[in-house]
Amino acid sequence: GGDLLAGTAQVAIMRPGSGDWTVLTHDRSRGTVQNLSWSRDSSRIYFDRGEEAIYSVRAVGGEERLVLEGAAGPEVLLDGSLLVSRIEKDRNLRHYRYWPESARLEAVGPPLLQVGPIHSARLFPDGREVVFIGVPAQQAGSDRLPRLNILDLVSGELRPVAPGSPMPLLDDPYQPLAVSPDGRSVITDVMSGDLHRLVAIPREGDAPARVLLALTAPPWSVDAAADGTIYVDQCARTAEVLSF
């Protein structure tokens, strides 16, 4: 979770049993925390501060440590490496795989257009693929709206998630995204009038999308636990009427 410290989001953890929060990071000079990912052994949390760099901090606290400059959106993979996003010299976005222990860095998948803030891709439980929201750079014409894509981590091939299923409202810069525990669905937000509906969109398009929950306020983030329960973090964004 992120805790606001003097207007700058920090890394914080909550213990569900008590509801108590512990703020782990306190640096206000490096930008706000946006994306978080736990290490495979749950001893460390990887996070970014905007698009400038990725850091890590121990779950028991301590100083945050620089992991990789010029990258954002860390997602920990099954072997402990990180899938990250980097902005290239041509201003396109690219996924990279990074091994913190050896500093090895390899590009994965095609270039993407940079649209809005960088968010983490989400790993499917089998470890073979990730899902993310983005626009392939080679996507021609006016069809350049962000969409749900699946990236094969071995071949680098890209494919859309369930083309026949309803797509989420993707012009929101804080689009939540998660993967179901069984790896068969992608969970995200679909606007329906004034309501926000969390839906499970089939990974392979072999079934209709299923509504999980209806919300009156936009979800800030969403995740799914191994027991099937869903965590939703809502954000009340107040509207102001201005006269000139």
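Residues numbered from 1 in each chain as written. Predicted model: local features only at pLDDT ≥ 70, side-chain atom pairs only at ≥ 80, totals over all residues. Heavy atoms only, no water.

## Section: the overall build of the protein
As a reminder, the rule being used: Only DSSP runs of H or I reaching four residues or more are called helices, and only runs of E reaching two or more are called strands; each is numbered from the N terminus. Throughout, exposure labels follow a simple rule: accessible area from a 1.4 Å probe, protein chains only, divided by the maximum for the residue type, with under 20% read as buried, over 50% as exposed, and the rest as partly exposed. The Shrake-Rupley method, run with a 1.4 Å probe, gives the accessible areas here. Residue values count only the displayed protein chains as cover.
Across its full length, the protein carries zero helices and 21 strands. Within the protein, the fraction of its 244 residues that count as buried is 43%. As displayed, the protein has an accessible area near 13,100 Å², and 50% of this comes from carbon and sulfur atoms.

## Some details on the sheet that holds strand E6 (residues 53-58)
Threshold: Note: two strands are recorded as paired if DSSP finds a minimum of 2 bridges between them. Axis lines are fitted to C-alpha atoms, over the contacting stretch for helices. Their N-to-C directions set the angle, which ranges from 0 to 180 degrees.
Overall, antiparallel pairing links the four strands, which are arranged E4-E5-E6-E7 in an open sheet. Looking along the sheet, the strands with just one partner apiece sit at the ends: strand E4 (33-38) and strand E7 (65-69). Strand after strand, the sheet turns through a mean of 25° between neighbouring axes, direction not considered.

## Examining the environment of Val161
Residue position: Val161 is located in the loop between strand E15 (158-160) and strand E16 (177-179). Judged by its relative accessible area of 1%, Val161 falls in the buried class.

## Quick look at the pattern of salt bridges
To keep it simple, the criterion reads: A pair is scored as a salt bridge if a Lys or Arg side-chain nitrogen falls within 4 Å of a carboxyl oxygen belonging to Asp or Glu.
For the coordinates displayed, the defined rule picks out 13 salt bridges. The shortest N-O distance in the salt bridge between Arg49 and Glu64 comes to 2.9 Å. Note that Arg49 is positioned in strand E5 (residues 44-49) and Glu64 in the loop between E6 and E7, a separation of 15 residues in sequence. Overall, the relative accessible area of 1% leaves Arg49 in the buried class. Residue Arg94 is joined to Glu88 by a salt bridge in which the shortest nitrogen-to-oxygen separation is 4.0 Å. Under the relative-accessibility criterion, Glu88 is labelled partly exposed at 24%.

## Remarks on a nonpolar patch on the surface
Convention followed: Patches here are clusters of residues that have more than 30% relative accessible area and form no salt bridge, with a 9 Å joining cutoff for like charges and a 5 Å cutoff for nonpolar side chains (Val, Leu, Ile, Met, Phe, Trp, Tyr).
Together, Met14, Trp21 and Tyr231 give the surface a local cluster of nonpolar side chains, amounting to about 320 Å² of exposed area. Relative to the helices and strands, Met14 resides in strand E2 (residues 8-15). By relative accessible area, Met14 is classed as partly exposed at 37%.

## A word on the side chain of Thr188
Our working rule: Between N or O atoms, a polar contact is any pair within 3.5 Å; within protein, one atom must be a potential hydrogen donor and the other a potential acceptor, and residues adjacent in sequence are included only when both atoms are from side chains.
By secondary structure assignment, the location of Thr188 is in strand E17 (residues 185-192). At 2.7 Å, the side chain of Thr188 forms a polar contact with the backbone oxygen of Pro176.

## With respect to unusual backbone geometry
Phi at Ser42 is positive, roughly 65°, even though this residue is not glycine. Examined against the element boundaries, Ser42 turns out to sit in the loop between E4 and E5.

## Notes on the pairing of strand E18 (residues 195-202)
Successive residues of a regular strand alternate their side chains across the two faces of the sheet. Among the eight residues in E18, six count as buried, and that is most of the element. Of the pairings in the sheet, the one linking E17 to E18 comprises eight bridges and is antiparallel in character. What sits directly across from Asp189, in E18, is Leu198. The loop that links E17 with its antiparallel partner E18 comprises two residues; one of these, Gly193, has a positive phi angle of about 65°.

## Section: the side chain of Thr25
Locating Thr25 in the fold gives a position in the loop between strand E3 (20-23) and E4. Within the structure, the side chain of Thr25 is placed 2.7 Å from the side chain of Gln10, a separation counted as a polar contact. At a separation of 2.9 Å, a polar atom in the side chain of Thr25 contacts the main-chain amide nitrogen of Val11.

## Side note on the sheet that holds strand E19 (residues 210-215)
Reading across from one edge, E16-E17-E18-E19 is the order of the four strands in this open sheet, with antiparallel pairing throughout. Taken across any chain shown, the strands that pair with only one partner, and hence form the sheet edges, are E16 and E19. Direction aside, neighbouring strands of the sheet carry axes that sit 30° apart on average. In this sheet, E17 lies alongside E16 in antiparallel orientation, the contact comprising three bridges. Opposite Leu177, over in E17, you have Thr188 as the bridge partner.

Purely spatial values, then, with no claim about function.
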